[in-house]
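Below, each chain spelled out in residue letters.
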Amino acid sequence: MPLNRFPVIPAVPAVVCAVAVATATACAPSQSAAASASPGTTAGVTAPTASTGSTGSTAGTGSTAGTGNTAGTGNTAGTGNTTGAPGIGDPDFPGGGNGGYDVEHYDLKLSYDPASRNLAGSTTIRAKATQDLTSFDLDLHGLTVSRVTVDGAAAAFSRRDDELVVTPAGRIADGGKFAVTIDYSGVPRSLRSAGLGEYGFIATPDGAFVTCEPDGAKTWFPSNDHPADKATYDFQITVPAGLTAIANGEMSGTPRTTAGKTTFVWREKHPMASYLATMTTGKFQVRTGTSAGGLPIYAAVADSFRGSLDTLITQTGKITDYWSSVFGPYPFSSTGGVIDDHAVGYALENQTKPIYGGFSPEPAIIAHELAHQWFGDSLSVSRWRDLWLNEGFATYAEWLWAEHSGQGTADATFRRYYANEADPMWSYPPGVARADDLFNAAVYTRGAMALHALRREIGDQKFFPLIRQWTAAHRYGNVTTPEFLALAERVSGRNLKPLFDAWLFRPGRPAPVA
């Protein structure tokens, strides 16, 4: 998933996305809405006055998945239903994201004080309506909303669990563009899942460690928190002087310090899923450079990991350049990595800057996270059940990196896994990730094995062009498993249904690969 939560298996190249160090886990207050001006009655719908609502519990991962479109509102033409749905339409995660609009851009103005753990934010979202709207939802966990405007006019709002329901002063027409601004503050509360551990906005002694897969963006900014609705981002992050604020994309200008506070401005001009956004802050040693292929690199490590900075920037540049020759052109304008000293024990593929939580990553882990820049970041799943398209591909990339580095072939790794008849992954078909066990190791390892079985079936002369066609055809977009299977059959000219059924969709250990 977004968080690179891939378990590290001793004696075998690291697999799975959120990396659990030394074990096996890698990759991922109730509030009252302040009174706002009621816009009154619009098109027969009475806008509610601002109300008090509970933000709900922190248990579990909550909503996550998406359908690949944001029109999942459930309204039928002519029925007069103009309420945006509180879910984007993912059947396995019915509360994930929201319907009725498509976000185009987020403008995040944020100020964070590590001493008090208080976050003050103003988020402006530019979006396009996909139906007539008299109200719509955003995802927000905790935090106190003080004001909401739509196109500059005060809007009513209410809270329901992790939903912020916005009622603008006037109806927004289908196809109309609008801007909603939300002012809010409070102490962010991270989320926790039995399968993932802690994620979202995680306070640290000197700042924050921010890893949001699958649905943790809502812990620090209002959003359509689902990978099916990607957007561009601007970040303006203010922290106490002496600290560094790191976000996605590239820094705009030089950080400005005034009255003991420093503001960092970042811009991600390429579409990004909300779970890949970050505002990691703290005391960091920073180094910038350029890869041999000419790509800008930004590397940052916590003071306690300063000895890892050279390796991080060198390996990041080398691996990114190599993946560009294997997977197709690198999709973004810079690459990089961050090592924080907050020991969550996993890594996550934050767009342009994978983050490693409390450990110095081995090259295999860096290779996994950087492969996600293609598989997960540029090509994002439309629905969470297709997560193997992220994790299976990134895990297979680890095997390819080992092969490239002379540390054993991908085929040898495949056969080592296949030899274990008792492995629990044989009971979990990875082609349909389960909502209650999304990051099962089968999604990583058996997903990678499916790709190797495909490679053996169609040969390198068709397998690697297939991968490059896949990344080119869906660059910056959303993808599903049926789309990949269809492309594989077109490129190979073969009926691959039996192979994919065995490796992706049926429980049990498939027949041996020749």
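Residues numbered from 1 in each chain as written. Predicted model: local features only at pLDDT ≥ 70, side-chain atom pairs only at ≥ 80, totals over all residues. Heavy atoms only, no water.

### Looking at the pattern of salt bridges
Tallied over the entire structure, the rule returns 18 salt bridges. A salt bridge links Lys-218 to Asp-162; its shortest N-O distance comes to 3.3 Å. In this pair, Lys-218 sits in the loop between strand 15 (207–211) and strand 16 (231–240) while Asp-162 sits in the loop between strand 10 (156–160) and strand 11 (163–167), placing the two residues 56 residues apart along the sequence. Here Asp-215 ties to Lys-218 by a salt bridge, and the two come within 3.4 Å at their closest N and O atoms. In this structure, Asp-215 and Lys-218 share a single accessibility class: buried. (Salt bridge = Lys/Arg side-chain N within 4 Å of Asp/Glu carboxyl O. Helix = DSSP H or I, 4+ residues; strand = E, 2+ residues; numbered from the N terminus. Buried < 20%, exposed > 50% of the residue type's maximum accessible area, 1.4 Å probe, protein only.)

### Notes on the sheet that holds strand 11
Two orientations exist for strands paired in a sheet by backbone hydrogen bonds: parallel and antiparallel. Across the sheet, which stays open at both edges, the three strands sit in the order 7-11-10 with antiparallel pairing between neighbours. In the strand order of this sheet, the two ends are held by strand 7 (136–139) and strand 10, each with one partner. Ignoring strand direction, the axes of neighbouring strands in this sheet form an average angle of 25°. Judged from the four bridges that link them, strand 7 and strand 11 form a sheet pairing that is antiparallel. (Pairing = 2+ DSSP bridges. Axes fitted to C-alpha atoms, helices over the stretch in contact; angles between N-to-C directions.)

### A word on helix 6 (residues 460–473)
In this model, helix 6 (14 residues) spans 20 Å end to end at C-alpha, consistent with the 20 Å of a helix rising 1.5 Å per residue. What helix 6 keeps buried is the set Phe-463, Phe-464, Leu-466, Ile-467, Trp-470 and Thr-471. Here the buried residues of helix 6 occupy an arc of 150° about the axis, which is enough to place them on one side. Among the exposed residues of helix 6, those oriented more than 90 degrees off its buried face are Gln-461, Ala-472 and Ala-473. (Expected span 1.5 Å × (residues − 1). Arc of directions from axis to C-beta.)

### Quick word on the packing of aromatic side chains
Remark: the centre distance and the inter-plane angle together describe each pair of aromatic rings, the angle taken between the planes. A full pass over the atoms with the stated rule returns 37 aromatic pairs. Between Tyr-106 and Tyr-233, the aromatic rings sit 4.7 Å apart at their centres with planes inclined by 20°, giving stacked as the arrangement. Of this pair, Tyr-106 sits in strand 5 (residues 101–113) while Tyr-233 sits in strand 16; the two residues are 127 residues apart in sequence, bridging distant segments of the chain. The two residues Tyr-106 and Tyr-233 agree in class, both being buried. Seen in terms of ring centroids, Trp-220 and Phe-221 are 4.6 Å apart; in terms of plane orientation they differ by 75°. Their pairing is edge-to-face. (Phe/Tyr/Trp six-rings, centres within 6.5 Å; stacked < 30°, edge-to-face > 60°.)

### Notes on the sheet that holds strand 26 (residues 355–357)
If you walk across this open sheet you meet the five strands as 22-23-24-26-25, and the pairing is mixed. Edge strands, defined here as strands with exactly one partner in the open sheet, are strand 22 (284–290) and strand 25 (347–348). Sitting on the sheet, helix 1 (residues 309–327) is in contact with strand 22, strand 23 (296–302), strand 24 (335–340) and strand 26, with an inclination near 145° to strand 23. (Contact = heavy atoms within 4.5 Å.)

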